[in-house]
Amino acid sequence: MTLNPQFITDTAGKRLVILPMKEYKSMLDEIVQLEDIKRYDKAKTRNEKSIPIDIAFKTIEANRKKLK
């Protein structure tokens, strides 16, 4: 990812970074992906029994319907 930051200093002397919106959103997407990878890695270390995704989705949907 290529970033083109600009730096400004506010009236209190604090340096601020300005990014184009497209670059900012791209950076946020990257952070979300990294968080997902960390969660996946953590889940894999637990060695818990997994269930097929279709059963997981059916369970989630059934629970949603109960909450309505």
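Bear in mind that the values here come from a model prediction, so they are computed numbers and not experimental data.

Caption draft 1: Structural detail: a nonpolar patch on the surface. A contiguous nonpolar patch, built from M21, Y24, L28 and I31 and spanning about 360 Å² of accessible area, is present on the exposed surface. Along the chain, M21 turns up in helix α1 (residues 21-45). Judged by its relative accessible area of 52%, M21 falls in the exposed class.

Caption draft 2: Just the pattern of salt bridges, in detail. With the rule as written, the count across this model stands at two salt bridges. Ionic pairing is found between D36 and R39, a salt bridge with its closest N-O pair at 2.7 Å. On the criterion of helical spacing, the pair formed by D36 and R39 is a turn pair, its members being three residues apart in helix α1. With relative accessibility at 51%, the residue R39 sits in the exposed group.

Caption draft 3: Seen up close, the side chain of E23. By the element assignment, E23 lies in helix α1. One buried charge, E23, has no salt-bridge partner; the nearest side chain with opposite charge is K22, at 8.5 Å. For E23, the contacting residues outside a window of four places in its chain are M1, T2, L3 and N4.

Caption draft 4: Focus on α1. In this model, α1 (25 residues) spans 37 Å end to end at C-alpha, consistent with the 36 Å of a helix rising 1.5 Å per residue. Once α1 ends, the next one or two residues include N47, with phi positive near 55°.

The rules behind the values
- Residues numbered from 1 in each chain as written.
- Predicted model: local features only at pLDDT ≥ 70, side-chain atom pairs only at ≥ 80, totals over all residues.
- Heavy atoms only, no water.
- Patch = residues over 30% accessible without salt bridge, like charges linked within 9 Å, V, L, I, M, F, W, Y side chains within 5 Å.
- Areas by Shrake-Rupley, 256 points an atom, 1.4 Å probe, with all protein chains shown as cover.
- Salt bridge = Lys/Arg side-chain N within 4 Å of Asp/Glu carboxyl O.
- Helix = DSSP H or I, 4+ residues; strand = E, 2+ residues; numbered from the N terminus.
- Buried < 20%, exposed > 50% of the residue type's maximum accessible area, 1.4 Å probe, protein only.
- Lys, Arg positive; Asp, Glu negative; His and termini not counted.
- Contact = heavy atoms within 4.5 Å.
- Expected span 1.5 Å × (residues − 1).

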